[in-house]
Amino acid sequence: MLDVVDLECRRGDRRLFSDLCFSLPGGTLLHVRGRNGSGKTTLLRALCGLLAREAGQILWRGEDIAALGEDYRRDMLYFGHLNGIKSDLNGIENLRVSATLDGDPAPDDALWQALGRMGLAGYEDLPTKVLSQGQKKRVALARLLVSRAPLWILDEPFSALDSDAVDLLGTLIAEHVDGGGLAVLTTHQEVPLTSGQVQRLQLGA
Amino acid sequence: MLRVFLCVLGRDITLAMRRRTDVLTTLFFFIIVVSLFPLGVGTEKQTLRILGPGVVWVAALLASMLALERLFAADYEDGTLEQMLLTAQPPALLVLAKVTAHWLLTGLPLVFIAPLIGLQYQLPGEALWIMMASLLIGTPVLSLIGAIGAALTLGLRGGGILLSLLILPLYIPVLVYGAGAVTVSMIDLADTQPYLSLIGAFLLLALTLSPLATAAALRIALE
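Not measured: the values here are computed from a predicted model.

Rules used throughout
- Residues numbered from 1 in each chain as written.
- Chains lettered and ligands numbered in written order.
- Predicted model: local features only at pLDDT ≥ 70, side-chain atom pairs only at ≥ 80, totals over all residues.
- Pairing = 2+ DSSP bridges.
- Helix = DSSP H or I, 4+ residues; strand = E, 2+ residues; numbered from the N terminus.
- Contact = placed C-beta atoms within 7 Å.
- Axes fitted to C-alpha atoms, helices over the stretch in contact; angles between N-to-C directions.
- Buried ≥ 20, exposed ≤ 12 C-beta atoms within 10 Å, placed from the backbone.
- Arc of directions from axis to C-beta.
- Nonpolar A, V, L, I, M, F, W, Y, C, P; charged D, E, K, R; others polar.
- Left-handed = near helix turned anticlockwise from the far one by under 90°.
- Parallel < 35°, antiparallel > 145°, perpendicular 65-115°, else oblique.
- Core = buried A, V, L, I, M, F, W, Y, C linked by C-beta atoms within 7 Å.

Asks: Honestly, the sheet that holds strand 1 (residues 2-11) of chain A in this entry has me stumped. Any pointers?
Replies: Hydrogen bonding along the main chain pairs the strands of a sheet, whether they run parallel or antiparallel. Residues and elements named next belong to chain A. The antiparallel open sheet is built from four strands, whose spatial order is 2-1-4-5. Taken across any chain shown, the strands that pair with only one partner, and hence form the sheet edges, are strand 2 (14-24) and strand 5 (63-64). Across two bridges, the pairing between strand 4 (residues 55-60) and strand 5 is antiparallel. Bridging across to strand 5, W60 finds its partner in E63. In the packing of helix 1 (residues 40-47) onto the sheet, contacts are made with strand 1, strand 2 and strand 4, and the angle to strand 1 comes to roughly 125°.

Asks: Please explain helix 4 (residues 70-77) of chain B as it appears in this structure.
Replies: Each α-helix turn comprises 3.6 residues. Residues three or four places apart therefore point the same way. All names here are of chain B. Of the positions making up helix 4, those classed as buried are L71, F72 and D75. The buried side chains of helix 4 occupy one side of the element, clustering within an arc of 65° when seen end-on. On its buried face, helix 4 is in contact with helix 3 (45-68), helix 5 (80-85), helix 6 (91-106), helix 8 (125-152) and helix 10 (193-222). In the stretch just after helix 4, G79 is the one whose phi turns positive, near 85°.

Asks: Would you mind showing me how to read the interface of chain A and chain B here?
Replies: By convention, interface size is frequently given as the accessible area that disappears when the constituent parts associate. Each partner contributes to the interface: chain A provides 24 residues, whereas chain B provides 21 residues. When contributions to the side of chain A that touches chain B are tallied by element, the ones reaching two or more residues are helix 3 (70-75) and helix 4 (91-101) of chain A. No other element matches helix 4 of chain A, which puts four residues into the side of chain A that touches chain B. Grouping the constituent residues of the side of chain A that touches chain B by class yields eleven nonpolar, seven polar and six charged.

Asks: What should I look at first to understand the packing of helix 3 of chain B against helix 8 of chain B in this one?
Replies: Geometrically, a packed helix pair is captured by the angle between its two axes and the distance between the axes. Residue and element names in this part refer to chain B. Relative to each other, helix 3 and helix 8 sit at 35°, their axes nearing to 10 Å. In terms of crossing hand, the pair formed by helix 3 and helix 8 is right-handed. On helix 8, the residues touching P53, V56, A60, L61, S64, M65 and L68 of helix 3 are M131, L135, T139, L142, S143, G146, G149 and A150. When its residues are assigned to classes, the contact of helix 3 with helix 8 shows ten nonpolar, five polar and no charged.

Asks: Explain the packing of helix 6 of chain B against helix 8 of chain B to me, please; I cannot follow it from the model alone.
Replies: All names here are of chain B. In the contact formed by helix 6 and helix 8, the axes pass within 9 Å of each other and the chain directions differ by 130°. The angle between the axes of helix 6 and helix 8 places the two elements in the oblique class. Crossing handedness for the pair helix 6 and helix 8: right-handed. Touching V95, V99, H102 and W103 of helix 6 are T139, P140, S143, L144 and A147, all from helix 8. Of the residues contributing to the contact of helix 6 with helix 8, the split by class is six nonpolar, three polar and no charged.

Asks: How should the nonpolar core be read in this particular structure?
Replies: What tends to happen in soluble globular proteins is that the nonpolar side chains get buried as a cluster. Of all hydrophobic cores here, the largest spans 116 residues; its most connected members are A:W152, A:I153, A:A183, A:V184, B:V56, B:A60 and B:A151. Per element, the largest residue contribution to this core is 15 residues, and it comes from helix 8 of chain B.

Asks: Even after reading the chapter, I still don't get the sheet that holds strand 8 (residues 182-186) of chain A, so can you show me in this structure?
Replies: All names here are of chain A. With parallel pairing, five strands are arranged side by side in an open sheet as 6-7-8-3-9. The two strands at the open ends of the sheet, each matched to only one other strand, are strand 6 (76-79) and strand 9 (197-202). Direction aside, the axes of adjacent strands within the sheet are offset by 15° on average. The sheet contact formed by strand 6 and strand 7 (residues 151-155) spans four bridges and is parallel. Considered in strand 7, the bridge of L77 is made with W152.

Set out below in structure tokens:
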């Protein structure tokens, strides 16, 4: 489904990686590892089309992602370092906006359920600015529950989460991969992922 | 499409309502700048009538500029802008929705305040109507052009000053014809319609081109 051919990325004058090739069929998890500054985030941002690449191709179902444009973005969900939630809106409102923009507007019940499953029952209608870091992250991660995108690109999704939430997120990723989805993630900690096919990519080695 | 447009519009207006000070500062800035001139220049009717249209329009430009900086900056900082551009929605549509919200909050109120302000300049009744009409057509142009500048200066340090330098020259045509329409309306035998039509033409041009240009600029800013 996702194929990367001879990818090269630069930040400023520094070449982070070149001739990077991998191929991910459906039902695969790609665990990107590497020390700080080895280009993990750059790779992920290139994969979602935010960054211009120096050379190489990124193909989704055999077509270049730049040419696919909106069709690719519909199939992809990116979760970056920034949570991407508005601090003046509450959890439900944040989730409603992102679900509508993702093109699958969910009924309010589903949104409440998603936040409930993320362990935010009772916090749904508080502005997210009064929540803790971990809770904000949970609000942002609730998108994973309402999205139908087959490709998840997650940059450090486990940071700031407590052990319960880490387990929950691990389960979510495993379910997604089991269901034939794709996940690309960077993390420094080991994640208990038993199911599905796991590929590892070491950057800057 | 409409659902997405309304969703973003509603979001931005909800956000602004929860931070009302931002909207109110723009309005009060406009009111105060416009009210300072009669105090400084004196109350001679003839002088005020000559100054009035220009002052109101210049103040409208500056007030619109004041709020522009925040148009994309807040969304850029918390990552929501990134998320929006990564959805399957056309970026130009999202931009248009955000600019519409910006105009409803900072442009439209000026239209309704302007006649009250105009009274300080002793403008005749008809001129007030023309001033409202010119602001109604002109202020959306300001928001649309300004959005391009706001997107281009996104993430830069000292972007605010650069934004003014980029955008104010582009505001000149709207200023000339907007203030011109009001001035002309006070002359007998002169027709204001060509002025308003020209601003209308600017509006159509900005409406078609600005969202596309802004969306392109935002993509660059996010790299």
